[in-house]
Amino acid sequence: MGVVLDSQQNELLNAVACDETRSAHSMPGWYYNDNALFEREKSELFASGWVCAGHVSEIAKPGQYMAVTIGNEPVVVLRDREDHVRAYSNVCRHRGMALVEGKGKAAVLTCPYHAWSYGLDGRLRKAPYMDAVADFDISNCSLPEFGVEEWRGFIFVNTNNDASPLAPKLADLEPHVANYRFEERHSIETWFEEWGTNWKALIENFMEGYHLSVTHATTLDPITPTELCEKLASGEGFTAYRSNYRDSSQQREPFPKELTEQERRSSVLFSVFPNFVITVGPNCAVFLILLPETSQTVNIKMGILVQEGADDLQATTDYINLAHEFNAEDRAMLEAIQRNTRTKHRPVSSLAPESFEGTIWDFTRYVARHISEAAS
Ligand code: FES
Ligand SMILES: [Fe+2]
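Source: prediction; values computed, not measured. (Residues numbered from 1 in each chain as written. Chains lettered and ligands numbered in written order. Predicted model: local features only at pLDDT ≥ 70, side-chain atom pairs only at ≥ 80, totals over all residues.)

Now for the sheet that holds strand β6 (residues 109–110). If you trace the three strands from one edge of the open sheet to the other, you get β6-β7-β8, paired in antiparallel fashion. This sheet does not close on itself; its edge strands, each paired only once, are β6 and β8 (124–126). The pairing of strand β7 (residues 117–118) with β8 spans two bridges and is antiparallel. Looking across to β8, one finds that Tyr118 is bridged to Leu124. (Pairing = 2+ DSSP bridges. Helix = DSSP H or I, 4+ residues; strand = E, 2+ residues; numbered from the N terminus.)

This is how it looks when you write it as structure tokens:
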């Protein structure tokens, strides 16, 4: 179990984990800033689970790689010569230097410190001067490899290599998202931002429609007001809701022909726990991959998916601009909330009705089930 929480924390997490009545409530300040809890999250949620690392279009060609940090583990995700996506420890087997940073393309991964170099299969190929060392065995220096699963175009990594397959956990989500065919969309823009918020608060914010008409009064309310939100399915590994569009809003185009009338007039927002959220509309999708750095800061890989041939459309540009605007509005709220997590008067309140904040309770219960002593 590792780091131990105090009795008050355990008591609340156990109660949430055991709640079957959906008496949903918000969580106290420590849930968003406690370092012991954050250590537990890294080991119980980020090391043990399937964690989203990126989109396949970020590493479309053999040799392309991207570095991400998952919990405490630096990881390099790459496409090998056989076109398979693979994930390795991004830690040199010599003295621990990071092999790569950011994104790039290479035939071998060469450590910038002393030039040990590794093939795309993770095996050490060259280690200068090391053949003069009697007990050195180059075949024992492969990079540790991690489990990888692709789901609808997104790459998930399991650094403990102990997670059961992801796709079955998302089976109940499939009917709500299948027609959008977002696995056929590509990522035209990915970028990183660091926000001064606890990562769980960001998942909560993205996944609730209660704030849409207030926080986003001029950006999203004209399209997706709070009153038209409806909760969708949830399960062990995900939660979801639909934000229906106002009749007065313009049809977003182009869209896949499979979409039903309602799907053309709504977005589906879902989270694959622990670190992935996305809003999928008829034409575009915006995703956030959360890579927490501390209990109070999160590195976010953001991206926008568009249909083939739609990159240069005005509607796409308009959507990207809108996404930047509503993200900035969310950031302002979340960073202000984070500054209030140390007050003695931080409330524990009822959450809004199921259609608006039911998703938050799904996520809180997921966290509690994995962290609490009741579950272990
Ligand atoms: S740490 Fe990588 S070659 Fe020395
Ligand atoms: Fe928002």
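There's more to say after this.
Next up on the list: helix α3 (residues 35–46). When we look at burial in α3, the residues that qualify are Leu37, Phe38, Arg40, Glu41, Glu44, Leu45 and Phe46. An end-on view of α3 places all buried positions within 165° of arc, on one side of the element. Residues of α3 that are buried in the fold lie against α1 (7–18), α2 (30–33), β1 (51–55), β2 (64–70), β16 (284–294) and α9 (354–371). (Buried ≥ 20, exposed ≤ 12 C-beta atoms within 10 Å, placed from the backbone. Arc of directions from axis to C-beta. Contact = placed C-beta atoms within 7 Å.)

Before going further, it helps to examine the packing of helix α5 (residues 199–206) against helix α8 (residues 314–339). Between α5 and α8, the shortest axis-to-axis distance is 10 Å and the interhelical angle comes to 135°. Between α5 and α8, the angle falls in the class oblique. Crossing hand, α5 versus α8: right-handed. For the pair α5 and α8, the contacting residues are Ala201, Leu202 and Asn205 in the first and Asp330, Met333, Leu334, Ile337 and Gln338 in the second. Of the residues in the contact of α5 with α8, the class split is five nonpolar, two polar and one charged. (Axes fitted to C-alpha atoms, helices over the stretch in contact; angles between N-to-C directions. Parallel < 35°, antiparallel > 145°, perpendicular 65-115°, else oblique. Left-handed = near helix turned anticlockwise from the far one by under 90°. Nonpolar A, V, L, I, M, F, W, Y, C, P; charged D, E, K, R; others polar.)

Reports often express the size of an interface as the amount of accessible area lost when the parts come together. Structurally, the chain comprises domain 1 (7–49 + 167–371) and domain 2 (52–158). Taken together, the contact pairs 18 residues of domain 1 with 16 residues of domain 2. Looking at the side of domain 1 that touches domain 2, the elements with two or more residues in it are α3, β11 (186–195), β16 and β17 (297–306). Sorting elements by how many residues they give to the side of domain 1 that touches domain 2 places β11 first, with three residues. Residues of the side of domain 1 that touches domain 2, tallied by class, amount to nine nonpolar, six polar and three charged. (Domains from an automatic or database assignment.)

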